[in-house]
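Residue strings, one per chain:
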Amino acid sequence: MSRKTGFVIGVCLAVASAGAAYLIVTKTEAGRAFQDAVRRSARGSQEQLQAMTEEVALKTAKITRNPKATQEFTRAQWQSIGF
């Protein structure tokens, strides 16, 4: 088998695999379960990031004794909830 033939076979397998994966994820119950798991994971990551952001802001305010840092953080929190 020549190098070109091997490359063509590899590309065809990659395209077929991608197509099959797309159909499984978008058209089946297993795909919906996978999408839900990804959404839950992303939501959990966002919550963890928010908690870390709050910790960093509070530590910065304590270390620098800068009331402006606390005020900016508080303002951002109020804006994030719609006030």
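Residues numbered from 1 in each chain as written. Predicted model: local features only at pLDDT ≥ 70, side-chain atom pairs only at ≥ 80, totals over all residues. Heavy atoms only, no water.

Visitor: What should I look at first to understand the overall build of the protein chain in this one?
Guide: Within the protein chain, the secondary structure is distributed over three helices and zero strands. Seen in sequence order, the protein chain has helices and strands lined up from the N terminus as α-α-α. Its C-alpha radius of gyration of 24 Å places the protein chain more than 25% over the 12 Å reference for a compact globule of 83 residues. Taking the principal axes of the C-alpha coordinates as reference, the protein chain spans close to 70 × 35 × 15 Å. Out of the 83 residues belonging to the protein chain, those deemed buried represent 5%. Separation between the mean location of the 12 positive side-chain charges and that of the 6 negative ones in the protein chain comes to 9 Å. (Helix = DSSP H or I, 4+ residues; strand = E, 2+ residues; numbered from the N terminus. Rg over C-alpha atoms; globule rule 2.2 N^0.38 Å. Buried < 20%, exposed > 50% of the residue type's maximum accessible area, 1.4 Å probe, protein only. Lys, Arg positive; Asp, Glu negative; His and termini not counted. Charge placed at Lys NZ, Arg CZ, Asp CG, Glu CD.)

Visitor: Even after reading the chapter, I still don't get a nonpolar patch on the surface, so can you show me in this structure?
Guide: A surface patch of nonpolar side chains, amounting to about 380 Å² of accessible area, comprises F7, V8, V11 and V15. Within the secondary structure, F7 sits in helix α1 (residues 3-27). Taking relative accessible area as the criterion, F7 reaches 59% and is therefore assigned exposed. (Patch = residues over 30% accessible without salt bridge, like charges linked within 9 Å, V, L, I, M, F, W, Y side chains within 5 Å. Areas by Shrake-Rupley, 256 points an atom, 1.4 Å probe, with all protein chains shown as cover. Salt bridge = Lys/Arg side-chain N within 4 Å of Asp/Glu carboxyl O.)

Visitor: Before we go on, may I ask you to explain the pattern of salt bridges in this structure?
Guide: Pairing of side chains with opposite charge becomes possible as their charged atoms draw close. Here the structure, examined in full by the defined rule, presents two salt bridges. In this structure, R39 engages D36 in a salt bridge whose closest nitrogen and oxygen atoms are separated by 3.4 Å. In this pair, R39 and D36 are both assigned in helix α2 (residues 29-64), three residues apart and thus about one turn of the helix distant.

Shape descriptors only; they carry no functional weight alone.
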